Amino acid sequence: MCVRLLTADPSRGSYKMAEFGYVLGYLLVVTLTELSAQEALITGFQSSVVNSGSLYTYRGTVDQLSKQTTIVPVITHFNTGVTITSLTSDPENDVLFFYEYFTQTIYQISNFTSSNVHQTSPVHAVSSSLNTNIAFDWITRNLYCTDGILGWILVIHMGATREADMVRILLDTNMESPGAITVDPKEGYMFWSDIYKGSPRIERAYLSGEHREVIVSTSLLMIGDVSADVQERRIYWTDRMRNTIESCMYDGQQREIIHRRNNYVFSDIMTDLAHLCVTEDYQDMLLCMYKSSAEYVLLERYDRQPYALEVFDKSRKPSSTDKCASKSCQHFCAPTPAGATCLCKNGYTLQGDETACVADHDLPVKGLLLGNSTHMCVIDFLNFESSPFKAPICLIDSLQDTTFLSVDVTSMD
(Lines give C-alpha, C1' and ligand atoms only; values in the text may rest on other atoms or scores of the structure.)
Protein backbone atom coordinates (compact mmCIF):
# COMPACT_ATOMS: atom_id res chain seq x y z
CA MET A 1 0.00 0.00 0.00
CA CYS A 2 1.43 3.33 -1.08
CA VAL A 3 0.64 6.24 1.26
CA ARG A 4 1.82 9.80 0.78
CA LEU A 5 1.92 11.83 3.99
CA LEU A 6 1.11 15.47 3.29
CA THR A 7 2.75 18.00 5.55
CA ALA A 8 1.41 21.51 6.02
CA ASP A 9 4.12 24.18 6.04
CA PRO A 10 2.69 27.71 6.24
CA SER A 11 6.16 29.20 5.74
CA ARG A 12 6.05 28.03 2.12
CA GLY A 13 3.07 30.23 1.34
CA SER A 14 2.49 33.97 1.27
CA TYR A 15 -0.67 35.05 3.01
CA LYS A 16 -2.13 37.56 5.37
CA MET A 17 -5.09 37.48 7.67
CA ALA A 18 -8.15 39.27 6.42
CA GLU A 19 -9.96 41.93 8.35
CA PHE A 20 -13.72 42.02 8.26
CA GLY A 21 -16.64 43.88 9.71
CA TYR A 22 -20.34 43.21 9.80
CA VAL A 23 -21.67 45.76 7.31
CA LEU A 24 -24.22 44.35 4.86
CA GLY A 25 -22.63 40.97 5.39
CA TYR A 26 -18.86 41.01 5.25
CA LEU A 27 -16.27 41.10 2.50
CA LEU A 28 -13.13 39.06 3.04
CA VAL A 29 -10.02 40.01 1.09
CA VAL A 30 -7.36 37.34 1.27
CA THR A 31 -3.88 37.36 -0.23
CA LEU A 32 -2.18 34.01 -0.69
CA THR A 33 0.23 32.17 -2.95
CA GLU A 34 -1.19 31.99 -6.46
CA LEU A 35 -2.67 28.56 -7.10
CA SER A 36 -1.61 28.34 -10.77
CA ALA A 37 -3.54 25.09 -11.17
CA GLN A 38 -7.21 24.71 -12.04
CA GLU A 39 -7.63 21.48 -10.07
CA ALA A 40 -7.39 21.33 -6.31
CA LEU A 41 -8.34 19.38 -3.18
CA ILE A 42 -9.74 21.77 -0.58
CA THR A 43 -10.63 21.35 3.09
CA GLY A 44 -11.81 23.87 5.68
CA PHE A 45 -11.10 24.42 9.37
CA GLN A 46 -12.82 26.26 12.19
CA SER A 47 -11.09 28.93 14.23
CA SER A 48 -9.80 28.21 17.72
CA VAL A 49 -7.94 29.99 20.51
CA VAL A 50 -4.63 29.57 18.68
CA ASN A 51 -5.77 29.25 15.03
CA SER A 52 -7.84 31.38 12.70
CA GLY A 53 -10.43 29.88 10.40
CA SER A 54 -8.82 28.73 7.18
CA LEU A 55 -8.94 26.82 3.91
CA TYR A 56 -6.18 24.39 2.92
CA THR A 57 -5.89 24.07 -0.86
CA TYR A 58 -3.74 21.30 -2.34
CA ARG A 59 -2.96 22.15 -5.96
CA GLY A 60 -3.59 19.48 -8.58
CA THR A 61 -5.83 16.45 -9.04
CA VAL A 62 -5.95 13.67 -6.46
CA ASP A 63 -4.01 11.48 -8.88
CA GLN A 64 -1.28 14.11 -9.27
CA LEU A 65 -1.09 14.71 -5.53
CA SER A 66 -0.74 11.00 -4.78
CA LYS A 67 2.36 10.75 -6.96
CA GLN A 68 4.30 13.54 -5.28
CA THR A 69 6.62 13.02 -2.33
CA THR A 70 5.81 16.21 -0.46
CA ILE A 71 2.82 18.46 -0.96
CA VAL A 72 2.37 21.83 0.70
CA PRO A 73 -1.10 23.40 0.88
CA VAL A 74 -1.86 26.98 0.01
CA ILE A 75 -3.46 28.34 3.18
CA THR A 76 -6.21 30.94 3.10
CA HIS A 77 -6.58 32.56 6.52
CA PHE A 78 -9.76 34.22 7.69
CA ASN A 79 -10.34 36.17 10.84
CA THR A 80 -10.97 34.63 14.25
CA GLY A 81 -14.47 33.21 14.53
CA VAL A 82 -14.86 32.05 10.93
CA THR A 83 -15.84 28.38 10.60
CA ILE A 84 -16.41 26.90 7.15
CA THR A 85 -18.65 23.83 7.32
CA SER A 86 -19.65 23.19 3.69
CA LEU A 87 -17.97 23.69 0.31
CA THR A 88 -19.05 23.41 -3.31
CA SER A 89 -17.63 24.79 -6.53
CA ASP A 90 -18.08 25.96 -10.10
CA PRO A 91 -14.70 25.07 -11.69
CA GLU A 92 -15.80 26.16 -15.16
CA ASN A 93 -16.15 29.75 -13.91
CA ASP A 94 -13.40 29.47 -11.27
CA VAL A 95 -15.73 30.03 -8.31
CA LEU A 96 -15.67 28.43 -4.85
CA PHE A 97 -18.75 28.62 -2.61
CA PHE A 98 -18.69 28.05 1.13
CA TYR A 99 -21.08 28.16 4.07
CA GLU A 100 -19.88 29.97 7.21
CA TYR A 101 -21.36 28.65 10.44
CA PHE A 102 -21.42 31.70 12.73
CA THR A 103 -22.65 34.32 10.26
CA GLN A 104 -25.06 31.71 8.83
CA THR A 105 -24.27 32.87 5.32
CA ILE A 106 -23.23 31.36 1.98
CA TYR A 107 -20.29 33.15 0.36
CA GLN A 108 -18.49 32.88 -2.95
CA ILE A 109 -14.85 33.41 -3.90
CA SER A 110 -14.46 34.44 -7.54
CA ASN A 111 -11.25 33.83 -9.57
CA PHE A 112 -10.34 31.17 -7.05
CA THR A 113 -7.41 29.60 -8.91
CA SER A 114 -6.49 32.44 -11.29
CA SER A 115 -5.84 35.25 -8.82
CA ASN A 116 -3.80 35.66 -5.65
CA VAL A 117 -6.09 38.40 -4.33
CA HIS A 118 -9.51 37.03 -3.38
CA GLN A 119 -12.67 38.95 -2.72
CA THR A 120 -15.29 36.97 -0.85
CA SER A 121 -18.86 38.19 -1.27
CA PRO A 122 -22.09 37.04 0.40
CA VAL A 123 -24.57 35.06 -1.68
CA HIS A 124 -27.43 34.29 0.68
CA ALA A 125 -28.12 34.38 4.42
CA VAL A 126 -29.55 31.18 5.94
CA SER A 127 -31.87 31.34 8.93
CA SER A 128 -30.10 28.64 10.93
CA SER A 129 -26.69 27.06 11.19
CA LEU A 130 -27.42 23.43 12.08
CA ASN A 131 -26.87 20.91 9.28
CA THR A 132 -26.68 23.55 6.56
CA ASN A 133 -24.98 22.15 3.46
CA ILE A 134 -24.70 23.39 -0.11
CA ALA A 135 -24.42 21.85 -3.61
CA PHE A 136 -24.07 23.56 -6.99
CA ASP A 137 -25.73 22.76 -10.32
CA TRP A 138 -22.95 23.86 -12.67
CA ILE A 139 -25.06 23.61 -15.83
CA THR A 140 -27.99 25.88 -14.97
CA ARG A 141 -26.15 27.67 -12.14
CA ASN A 142 -28.54 26.88 -9.31
CA LEU A 143 -27.25 26.60 -5.74
CA TYR A 144 -29.07 24.12 -3.46
CA CYS A 145 -29.08 24.44 0.32
CA THR A 146 -30.43 22.39 3.23
CA ASP A 147 -31.60 23.89 6.52
CA GLY A 148 -31.60 21.41 9.40
CA ILE A 149 -33.47 23.70 11.80
CA LEU A 150 -36.31 24.86 9.60
CA GLY A 151 -36.50 21.52 7.80
CA TRP A 152 -36.40 22.59 4.18
CA ILE A 153 -34.36 22.52 0.96
CA LEU A 154 -34.16 25.73 -1.01
CA VAL A 155 -32.66 26.68 -4.38
CA ILE A 156 -30.92 29.97 -5.21
CA HIS A 157 -30.51 30.98 -8.84
CA MET A 158 -26.95 32.19 -9.55
CA GLY A 159 -27.33 33.13 -13.23
CA ALA A 160 -25.65 36.12 -14.84
CA THR A 161 -28.81 38.22 -14.48
CA ARG A 162 -29.45 36.97 -10.96
CA GLU A 163 -31.77 38.94 -8.68
CA ALA A 164 -31.15 38.85 -4.95
CA ASP A 165 -34.59 37.37 -4.17
CA MET A 166 -34.47 34.64 -6.84
CA VAL A 167 -34.94 31.94 -4.20
CA ARG A 168 -37.49 29.15 -3.87
CA ILE A 169 -38.16 26.68 -1.09
CA LEU A 170 -38.44 23.39 -3.00
CA LEU A 171 -39.24 20.94 -0.21
CA ASP A 172 -40.43 21.55 3.34
CA THR A 173 -42.79 18.68 4.20
CA ASN A 174 -42.13 15.25 5.71
CA MET A 175 -38.57 16.13 6.66
CA GLU A 176 -37.15 17.05 10.04
CA SER A 177 -33.44 17.71 9.72
CA PRO A 178 -32.10 17.59 6.16
CA GLY A 179 -28.32 17.60 6.19
CA ALA A 180 -25.97 16.48 3.44
CA ILE A 181 -26.93 17.27 -0.16
CA THR A 182 -25.48 16.55 -3.60
CA VAL A 183 -26.71 17.08 -7.17
CA ASP A 184 -26.32 15.64 -10.66
CA PRO A 185 -27.62 18.22 -13.17
CA LYS A 186 -26.77 15.95 -16.12
CA GLU A 187 -29.42 13.50 -14.97
CA GLY A 188 -31.52 16.10 -13.16
CA TYR A 189 -31.44 14.60 -9.64
CA MET A 190 -30.62 15.76 -6.14
CA PHE A 191 -29.90 13.49 -3.17
CA TRP A 192 -29.97 14.39 0.51
CA SER A 193 -29.89 12.87 3.97
CA ASP A 194 -32.53 13.37 6.64
CA ILE A 195 -33.63 12.02 10.00
CA TYR A 196 -37.40 11.61 9.83
CA LYS A 197 -39.32 10.34 12.87
CA GLY A 198 -36.03 9.20 14.37
CA SER A 199 -34.93 7.18 11.32
CA PRO A 200 -32.02 8.24 9.07
CA ARG A 201 -32.62 7.98 5.34
CA ILE A 202 -31.34 9.10 1.96
CA GLU A 203 -33.82 10.56 -0.49
CA ARG A 204 -33.85 11.47 -4.16
CA ALA A 205 -35.91 13.98 -6.13
CA TYR A 206 -35.85 15.88 -9.39
CA LEU A 207 -33.90 19.15 -9.14
CA SER A 208 -37.29 20.86 -9.44
CA GLY A 209 -38.39 19.20 -6.17
CA GLU A 210 -40.77 16.78 -7.91
CA HIS A 211 -40.89 12.97 -7.82
CA ARG A 212 -39.41 12.59 -4.36
CA GLU A 213 -38.60 9.11 -3.08
CA VAL A 214 -36.60 7.37 -0.34
CA ILE A 215 -33.80 5.25 -1.83
CA VAL A 216 -31.93 4.09 1.32
CA SER A 217 -33.61 3.64 4.71
CA THR A 218 -32.06 0.57 6.36
CA SER A 219 -28.76 -0.01 8.17
CA LEU A 220 -28.12 3.70 8.65
CA LEU A 221 -27.14 5.38 11.91
CA MET A 222 -25.65 8.85 11.36
CA ILE A 223 -25.01 10.03 7.82
CA GLY A 224 -22.09 12.43 7.60
CA ASP A 225 -22.11 13.44 3.96
CA VAL A 226 -23.33 12.38 0.50
CA SER A 227 -21.56 12.78 -2.85
CA ALA A 228 -22.78 11.99 -6.38
CA ASP A 229 -20.50 10.40 -8.97
CA VAL A 230 -22.03 11.62 -12.24
CA GLN A 231 -19.92 9.25 -14.36
CA GLU A 232 -20.91 6.07 -12.50
CA ARG A 233 -24.43 7.27 -11.58
CA ARG A 234 -23.71 6.26 -8.00
CA ILE A 235 -23.89 8.10 -4.70
CA TYR A 236 -21.31 7.68 -1.95
CA TRP A 237 -21.87 8.47 1.71
CA THR A 238 -20.24 8.27 5.11
CA ASP A 239 -21.88 6.86 8.24
CA ARG A 240 -20.21 8.33 11.32
CA MET A 241 -21.52 5.73 13.77
CA ARG A 242 -21.14 2.66 11.54
CA ASN A 243 -17.53 3.73 10.73
CA THR A 244 -18.27 3.13 7.05
CA ILE A 245 -17.98 4.60 3.59
CA GLU A 246 -20.80 3.21 1.45
CA SER A 247 -22.25 3.46 -2.05
CA CYS A 248 -25.26 2.58 -4.18
CA MET A 249 -26.73 3.31 -7.59
CA TYR A 250 -28.98 6.34 -8.05
CA ASP A 251 -32.06 4.17 -7.43
CA GLY A 252 -30.69 2.69 -4.19
CA GLN A 253 -29.75 -0.66 -5.75
CA GLN A 254 -26.34 -2.40 -5.63
CA ARG A 255 -25.48 -1.04 -2.19
CA GLU A 256 -22.00 -1.88 -0.95
CA ILE A 257 -19.59 -0.99 1.84
CA ILE A 258 -16.47 0.54 0.28
CA HIS A 259 -14.47 0.83 3.48
CA ARG A 260 -14.98 0.21 7.20
CA ARG A 261 -12.52 0.94 9.97
CA ASN A 262 -13.24 0.75 13.69
CA ASN A 263 -12.75 3.97 15.64
CA TYR A 264 -12.67 6.04 12.45
CA VAL A 265 -15.40 8.68 12.28
CA PHE A 266 -15.73 9.40 8.57
CA SER A 267 -17.49 12.70 7.89
CA ASP A 268 -17.24 14.75 4.65
CA ILE A 269 -16.83 12.89 1.34
CA MET A 270 -15.99 13.83 -2.25
CA THR A 271 -15.20 11.72 -5.31
CA ASP A 272 -13.39 12.10 -8.62
CA LEU A 273 -13.11 9.65 -11.51
CA ALA A 274 -11.05 7.05 -9.64
CA HIS A 275 -10.83 8.18 -6.01
CA LEU A 276 -12.87 9.15 -3.01
CA CYS A 277 -11.63 11.50 -0.29
CA VAL A 278 -13.00 11.79 3.25
CA THR A 279 -12.36 13.73 6.42
CA GLU A 280 -12.01 11.79 9.66
CA ASP A 281 -13.09 13.53 12.87
CA TYR A 282 -11.64 11.38 15.65
CA GLN A 283 -8.00 11.60 14.55
CA ASP A 284 -8.33 14.83 12.53
CA MET A 285 -7.34 13.40 9.15
CA LEU A 286 -7.90 13.79 5.43
CA LEU A 287 -7.86 10.47 3.55
CA CYS A 288 -8.03 9.69 -0.16
CA MET A 289 -8.35 6.17 -1.54
CA TYR A 290 -9.21 4.27 -4.69
CA LYS A 291 -12.95 3.70 -5.04
CA SER A 292 -12.35 0.22 -6.44
CA SER A 293 -10.04 -1.14 -3.73
CA ALA A 294 -10.13 1.35 -0.81
CA GLU A 295 -6.32 1.48 -0.98
CA TYR A 296 -5.10 4.72 0.60
CA VAL A 297 -3.19 7.10 -1.67
CA LEU A 298 -3.16 10.23 0.53
CA LEU A 299 -3.18 10.72 4.27
CA GLU A 300 -2.92 14.09 6.00
CA ARG A 301 -3.04 14.60 9.77
CA TYR A 302 -3.91 17.94 11.34
CA ASP A 303 -3.85 19.51 14.80
CA ARG A 304 -7.57 20.30 14.56
CA GLN A 305 -10.67 18.90 12.94
CA PRO A 306 -11.21 19.42 9.20
CA TYR A 307 -14.79 20.46 8.57
CA ALA A 308 -15.51 20.66 4.86
CA LEU A 309 -14.19 19.07 1.67
CA GLU A 310 -14.28 19.79 -2.06
CA VAL A 311 -12.57 18.40 -5.14
CA PHE A 312 -12.17 21.42 -7.42
CA ASP A 313 -11.94 19.67 -10.78
CA LYS A 314 -13.84 20.11 -14.07
CA SER A 315 -13.78 16.35 -14.67
CA ARG A 316 -16.09 15.94 -11.66
CA LYS A 317 -18.55 18.38 -13.21
CA PRO A 318 -18.41 17.75 -16.97
CA SER A 319 -20.18 19.96 -19.46
CA SER A 320 -23.49 18.72 -20.79
CA THR A 321 -26.49 19.86 -22.79
CA ASP A 322 -28.36 22.55 -20.91
CA LYS A 323 -31.92 21.25 -20.80
CA CYS A 324 -33.10 24.69 -19.72
CA ALA A 325 -31.61 26.53 -22.71
CA SER A 326 -34.78 26.09 -24.79
CA LYS A 327 -37.15 27.09 -21.97
CA SER A 328 -38.24 30.72 -21.72
CA CYS A 329 -38.77 30.74 -17.97
CA GLN A 330 -39.78 34.07 -16.47
CA HIS A 331 -37.82 33.43 -13.28
CA PHE A 332 -35.48 30.43 -13.52
CA CYS A 333 -35.29 26.77 -14.48
CA ALA A 334 -34.20 23.37 -13.16
CA PRO A 335 -33.12 20.35 -15.25
CA THR A 336 -34.95 17.08 -14.60
CA PRO A 337 -34.81 13.53 -16.00
CA ALA A 338 -37.96 14.43 -17.97
CA GLY A 339 -36.45 17.58 -19.49
CA ALA A 340 -36.65 20.96 -17.75
CA THR A 341 -39.07 22.68 -15.38
CA CYS A 342 -39.58 26.41 -14.86
CA LEU A 343 -39.46 27.56 -11.24
CA CYS A 344 -40.89 30.69 -9.65
CA LYS A 345 -39.37 32.50 -6.72
CA ASN A 346 -41.15 32.38 -3.37
CA GLY A 347 -44.54 34.11 -3.42
CA TYR A 348 -45.17 33.36 -7.09
CA THR A 349 -47.05 30.54 -8.80
CA LEU A 350 -46.24 28.96 -12.16
CA GLN A 351 -49.01 29.51 -14.70
CA GLY A 352 -50.61 27.10 -17.16
CA ASP A 353 -48.13 27.93 -19.93
CA GLU A 354 -45.43 26.51 -17.58
CA THR A 355 -43.18 29.55 -18.09
CA ALA A 356 -44.88 32.62 -16.59
CA CYS A 357 -44.97 33.41 -12.86
CA VAL A 358 -47.72 35.38 -11.13
CA ALA A 359 -47.64 36.73 -7.58
CA ASP A 360 -50.06 34.85 -5.37
CA HIS A 361 -49.56 36.30 -1.87
CA ASP A 362 -47.11 38.24 0.28
CA LEU A 363 -47.07 35.75 3.13
CA PRO A 364 -43.89 33.74 3.77
CA VAL A 365 -43.79 29.97 3.41
CA LYS A 366 -42.56 29.82 7.00
CA GLY A 367 -42.42 32.76 9.36
CA LEU A 368 -42.59 34.08 12.89
CA LEU A 369 -45.90 35.64 13.90
CA LEU A 370 -45.53 38.67 16.16
CA GLY A 371 -48.00 41.05 17.71
CA ASN A 372 -48.73 43.67 20.30
CA SER A 373 -51.95 45.24 21.43
CA THR A 374 -52.60 46.90 18.05
CA HIS A 375 -50.54 45.11 15.35
CA MET A 376 -50.17 41.60 14.00
CA CYS A 377 -47.09 41.04 11.80
CA VAL A 378 -45.06 38.21 10.36
CA ILE A 379 -41.30 37.92 9.67
CA ASP A 380 -40.19 35.62 6.87
CA PHE A 381 -37.68 33.05 8.15
CA LEU A 382 -35.74 33.60 4.93
CA ASN A 383 -35.20 37.22 5.98
CA PHE A 384 -33.93 36.64 9.51
CA GLU A 385 -30.29 36.96 8.49
CA SER A 386 -30.75 39.19 5.42
CA SER A 387 -28.81 42.40 5.19
CA PRO A 388 -30.22 44.95 5.17
CA PHE A 389 -32.92 43.48 7.38
CA LYS A 390 -36.31 43.31 5.65
CA ALA A 391 -39.15 44.72 7.69
CA PRO A 392 -41.92 42.36 8.82
CA ILE A 393 -45.22 42.30 6.95
CA CYS A 394 -47.98 43.70 9.13
CA LEU A 395 -51.29 42.02 8.40
CA ILE A 396 -53.44 44.07 10.77
CA ASP A 397 -52.67 47.44 12.39
CA SER A 398 -55.98 48.33 14.04
CA LEU A 399 -56.39 45.76 16.81
CA GLN A 400 -57.30 46.65 20.38
CA ASP A 401 -55.90 45.01 23.50
CA THR A 402 -54.79 41.79 21.75
CA THR A 403 -53.18 39.29 24.13
CA PHE A 404 -52.90 35.99 22.18
CA LEU A 405 -52.15 34.99 18.58
CA SER A 406 -52.58 31.73 16.70
CA VAL A 407 -52.58 30.65 13.06
CA ASP A 408 -53.96 27.77 11.00
CA VAL A 409 -51.16 27.19 8.46
CA THR A 410 -53.16 24.59 6.54
CA SER A 411 -55.66 27.20 5.38
CA MET A 412 -53.44 30.30 5.59
CA ASP A 413 -56.07 31.90 7.87
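What comes next concerns the included structure. (Residues numbered from 1 in each chain as written. Predicted model: local features only at pLDDT ≥ 70, side-chain atom pairs only at ≥ 80, totals over all residues. Heavy atoms only, no water.)

**Describing the state of the cysteines**
A covalent bond bridging the sulfur atoms of two cysteines is what the word disulfide describes. In this structure the tally under the stated criterion is 5 disulfides. A sulfur-sulfur distance of 2.1 Å marks the disulfide that ties Cys 277 to Cys 288. Classification of the bridge connecting Cys 277 and Cys 288 rests on its S-S torsion, roughly 110°, and on that basis the disulfide is right-handed. Remark: Cys 288 occurs in strand β24 (residues 285–290) and Cys 277 occurs in strand β23 (residues 275–280); sequence separation between them is 11 residues. Of the two residues examined, Cys 277 and Cys 288, each falls in the buried class. (Disulfide = S-S within 2.5 Å. Helix = DSSP H or I, 4+ residues; strand = E, 2+ residues; numbered from the N terminus. Buried < 20%, exposed > 50% of the residue type's maximum accessible area, 1.4 Å probe, protein only.)

**Focus on the side chain of Thr 182**
Considering the arrangement of structural elements, one finds Thr 182 in strand β14 (residues 181–184). Taking relative accessible area as the criterion, Thr 182 reaches 8% and is therefore assigned buried. At 3.0 Å, the side chain of Thr 182 and the backbone nitrogen of Ala 228 are in polar contact. Apart from residues no more than four positions distant in its own chain, Thr 182 is found in contact with Ala 135, Met 190, Phe 191, Val 226, Ser 227 and Ala 228. (Polar contact = N/O pair within 3.5 Å; in protein donor to acceptor, adjacent residues only side chain to side chain. Contact = heavy atoms within 4.5 Å.)

**Thoughts on the pattern of salt bridges**
As enumerated under the stated definition, the model contains 16 salt bridges in all. In this structure, Lys 291 and Asp 229 form a salt bridge, with 2.2 Å as the shortest nitrogen-oxygen distance. Of this pair, Lys 291 sits in the loop between β24 and β25 (296–301) while Asp 229 sits in strand β18 (residues 223–229), and the two are 62 residues apart along the sequence. Judged by its relative accessible area of 4%, Asp 229 is buried. Note that Arg 242 and Glu 246 form a salt bridge whose closest N and O atoms lie 3.1 Å from each other. (Salt bridge = Lys/Arg side-chain N within 4 Å of Asp/Glu carboxyl O.)

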